[in-house]
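The lines below spell out each chain.
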Amino acid sequence: MSSAISSAVQQAFTAATQNAKVADLQKSTIDPSSNPTKGMTTDHGTFVSETDNWLKVTDGTGTGPSLLEDQIGREKIHRFDHERIPERVVHARGVGAHGYFKVYDNAASKYSYAPVLTDPSRTTPVFVRFSTVQGSRGSADTVRDVRGFAVKFYTQEGNWDIVGNDIPVFFIQDAIKFPDFVHAVKPEPHNEVPTGQSAHNNFWDFVGLQPESAHMIMWVMSDRGIPRSLRMIQGFGVNTYTLLNAKGERHFVKFHWLPELGVHSLMWDEALKIAGQDPDFHRKDLEEAIENGAPPKWKFAIQTIPESREHDFDFDILDATKVWPEELVPLEVIGEMVLNRTVDEYFPETEQAAFCTSHVVPGIGFSDDPLLQGRNFSYFDTQITRLGVNWQELPINRPVCPVLNNQRDGQMRHKITKGQINYWPNRKEVARPVPTNEGGYADFAQKVAGIKQRVRGTKFQEHFSQAQLFYNSLKPWEKAHLVSAISFELSHCDDPIVYESYTKVLNNIDFDLAKQVAINVGGVVPDKPARANHGNSTPTLSQLYYAPKVPTIASRRIAFLVADGFNALEVEALRAALKTGGATTWIIGPRRGKVYPAGQSVGSGEGVFADHHYEGQRSTLFDAFIIPSGAEHAQKLAQNGRTIHWVREAFGHCKAIGALGEGVIFLKEAAGLPGVQFATSLSNNAVTSSYGVVTAGKYDSGSAIGDTLKIGQSEKGFVSNFAYAVSQHRCYERELDGLTAGVAF
């Protein structure tokens, strides 16, 4: 019966995740477990009878010379020697997933005639690749960095790529500076240090001498630089594109992705530790969510400016170091994207996926954004270097619509094109150009006048106003984290010219910011602002603005910290309740395997299976945890330094903590959490919530019956109150009020 249910679930999952691109990839997919042949073959199809020993001259008692005539051995080694391709210069470390995109209605038809943006009857397959920027393929997921957010839409009119980031601006205005920026942020050339971070002399020297980067520095040094999950980041097209409607009218456009789960980040200490404890944390998180039925979802929004209003703002709308403030240019949500299928094999899908900003479809075009103009050249060029001139024929990159042109040959050509004709015009009118009124790409007839010269426009010269706007808009804890982040980075710069110079740059953004960082790193402490802070702010730049309107614990990882002698019925009831909210729960015990609840003898009882032992996964890898009741279990936790550290570390990272019965006593007496109020009586189920720590004296069958999951601060039950604390992501008041500073973690 269970196998039949499992088969039905698998069939339903396959049907739900099937789309035109997945079907296209099946043509190039092989499943060895289905036994497509009798067994192993060479690359040219001959069955291999033995693959563990090279063909040798030997009498059977000793070894002898290996023979070059062993084609099977030579092929195996040759193929291995050539498995690697050139690594991406930037965005080398990535993870990908398949999904789909839909618009809600045809509201965008006033801006564009592109069906992918205007036809609600369509479901467009997508492939998304997330990445870090600075580090190599072998670097860690949780480093402080920009995250690449590249989306390939397999539309019926061709592939459209939005090659964006999780930050809406960039370090430079003009593409000609890109080699300088990348050289500066990458490991320094004399010793190839550091990997996966920007905390070094060259990077801060460059941005200190390139003040156009000031706005971007504010973003990447904020909590945005260390996301909790790739499912909890915004996405931005960064550059300014254009939309063309059926009337021939052009609008400038910015593209936005808004995560359903909100925008959330790690703490810096937590990010550092995860980088060592589980460097693949974000990759695993994405796969875990999809496989557990919580596919990540983003709303798709656009900002548009009619061509007639291009010059109506005090910033240049083509400047990639500037945002379009939502108060001036509101977001219009027009669709959504869901990622519901993991890749079958990393290399041919995620690694060989290639994106180009120049890949657009009719109804979508380019602007004169000087960064975009260079990206349009560079991205196409770099794919040829990595993958060869026929890279667009690779399964992950090929369109789902028909492709026909006179481009031929080149290394690794896959397609076979029949016939005599490979040019235009030709006598048979084969592969004719398609007029724009029949679907051919239409270039906007833009009038251009000017003098050929190497200059930037007047509005491109202002670099600090929006950096001030971003800083002013942060919540108090976000500002504190930004100060700490810049202080950390500059403290790793050992050239006084570098850290002294950048503290002077900061004084153009905010006097108090510059003063505190300068004190921390030994920089130049200012006595007055270099530039007045205009004081303007907007709620849309703080991460808190994007919190889900309805609190949720979907896909949150919640641990139960237990020892032998814990209350198993309590844990079972709580796990069931949290599961209804979409959270995943994990048992962390003294050993991986059976942990024995109260009433069972250790080693002979039925036990409960622990997913990890205390050292196997630390608190850093979970969003929250609960300590159930049980006198023996609580006493054992109190005698274990690692479990005490587990609790203090989670407290220091501002995570939600729950405890029941004797678990409350452990928290209060052994863990030593300062400033927190706890449940005072073990004889009743009254709930106490204090700084994200939720406690109750008992949780019996009566408590469980009345404690249905209703996430809210005013709810009475333990589960509802604990779930509310989890839904808030972190209790930053714990940090602001100095409680975390009183705990060693």
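These figures come from a predicted structure and were not determined experimentally.

1. Re the confidence of the model for the protein chain
Atom-level detail of predicted coordinates should not be read off regions where pLDDT is low. Here the protein chain averages 95 in pLDDT, while 97% of its residues score no lower than 70. Note on residues 1-14: pLDDT under 50 across the span, and 1 contact to partners over four residues away in sequence or across chains.

2. Structural notes on the packing of aromatic side chains
Per the counting criterion, the structure on display carries 33 aromatic pairs. With a centroid separation of 5.4 Å and 80° between ring planes, the pair formed by F149 and W298 is classed as edge-to-face. Pair noted here: F149 is in strand β3 (residues 147-155) and W298 is in strand β8 (residues 297-306), with a separation of 149 residues, a long-range link. W298 carries the same exposure label as F149, and that label is buried. Judged by centre distance (5.7 Å) and plane angle (45°), the rings of Y241 and F255 are tilted. Residue Y241 is found in strand β6 (residues 241-244), and its partner F255 is found in strand β7 (residues 250-259); the two are separated by 14 residues along the sequence. The same class applies to Y241 as to F255, namely buried. Taken together, the ring pairs connect F101, F130, F149, F153, W160, Y241, F255, W257, W298 and F300 into an aromatic cluster. Sitting over the ring of F355, K152 keeps its end group 4.9 Å from the ring centre.

3. Re the pairing of strand β17 (residues 656-660)
Burial analysis of β17 places 5 of its 5 residues in the buried class, which makes it a mostly covered element. Neither face of β17 is left uncovered, since the one carrying A656, G658 and L660 and the one carrying I657 and A659 both have all their residues buried. Looking at chain direction, strand β16 (residues 624-627) and β17 are connected through 4 bridges and run parallel. Bridge pairing links I627 to A659 in β17.

4. Observations regarding the layout of surface pockets
Looking at the largest pocket, its volume works out to about 1600 Å³. Around the largest pocket, the lining comprises 41 residues; the ones closest to its centre are P399, P402, V403, L404 and N405.

5. Regarding the environment of T382
Positionally, T382 belongs in helix α11 (residues 370-387). According to the relative accessible area criterion, T382 is partly exposed, its value standing at 31%. Linking T382 and E349, residues 33 residues apart in sequence, is a C-alpha distance of 17 Å.

6. Observations concerning the nonpolar core
Judged by nonpolar contacts, the single largest core of 51 residues is most densely connected at F171, W204 and M218. When contributions to this core are tallied by element, the ones reaching two or more residues are α5 (178-185), α6 (201-209), α7 (214-220), α12 (465-473), α13 (476-491), α14 (496-506) and α15 (511-521). When residues in this core are grouped by element, the largest group, 6 residues, is from α7. One finds L117, F153, F255 and L339 within the second-largest nonpolar core, a separate group that totals 36 residues.

7. Looking at the side chain of K322
Mapped onto the elements of the fold, K322 is located in the loop between β8 and β9 (332-342). You can call K322 buried: its relative accessible area is 4%. Here T321 takes part through its side chain, which lies 3.3 Å from a polar atom of the side chain of K322. Reaching out from K322, the side chain makes a polar contact with the backbone oxygen of E462 at a distance of 2.8 Å. Apart from the residues within four sequence positions on either side, K322 is in contact with V169, Q173, H215, K254, F315, E462 and Q466.

8. Things to note about α11
If you check α11, its first and last C-alpha atoms are 26 Å apart, about what 18 residues at 1.5 Å a residue would give, namely 26 Å. Residues L371, L372, R375, N376, Q383, R386 and L387 constitute the buried set of α11. Check the buried side of α11 and you find it contacts β4 (158-165), β6, α10 (346-351) and β10 (364-366). Two or three places before L371, at the start of α11, stands the capping residue D369, its side-chain oxygen 2.9 Å from that residue's backbone nitrogen.

9. Some remarks on empty space enclosed by the protein
Tallied over the full model, the rule gives 7 cavities of 30 Å³ or more. Here the largest cavity is characterised by a volume of approximately 220 Å³. The leading source of residues in the lining of the largest cavity is β7, at 3 residues. Grouping the constituent residues of the lining of the largest cavity by class yields 12 nonpolar, 5 polar and 4 charged. Empty space within the second largest cavity amounts to approximately 100 Å³. For the second largest cavity, the lining is made up of 13 residues, of which D145, F171, V185, S198 and V220 are closest to its centre. Its residues placed into classes, the lining of the second largest cavity shows 8 nonpolar, 3 polar and 2 charged.

Reading the values: rules and limits
- Residues numbered from 1 in each chain as written.
- Predicted model: local features only at pLDDT ≥ 70, side-chain atom pairs only at ≥ 80, totals over all residues.
- Heavy atoms only, no water.
- pLDDT = per-residue confidence, 0-100.
- Contact = heavy atoms within 4.5 Å.
- Phe/Tyr/Trp six-rings, centres within 6.5 Å; stacked < 30°, edge-to-face > 60°.
- Helix = DSSP H or I, 4+ residues; strand = E, 2+ residues; numbered from the N terminus.
- Buried < 20%, exposed > 50% of the residue type's maximum accessible area, 1.4 Å probe, protein only.
- Lys NZ or Arg CZ within 6 Å of the ring centre and 35° of its normal.
- Pairing = 2+ DSSP bridges.
- 1 Å grid on protein atoms, 1.4 Å probe; cavity = no way out; pocket = protein on both sides within 12 Å on 5 of 7 lines; lining within 4 Å.
- Points joined across faces, edges and corners; volume = space filled by probe spheres on them.
- Core = buried A, V, L, I, M, F, W, Y, C linked by side-chain atoms within 4.5 Å.
- Polar contact = N/O pair within 3.5 Å; in protein donor to acceptor, adjacent residues only side chain to side chain.
- Expected span 1.5 Å × (residues − 1).
- Nonpolar A, V, L, I, M, F, W, Y, C, P; charged D, E, K, R; others polar.

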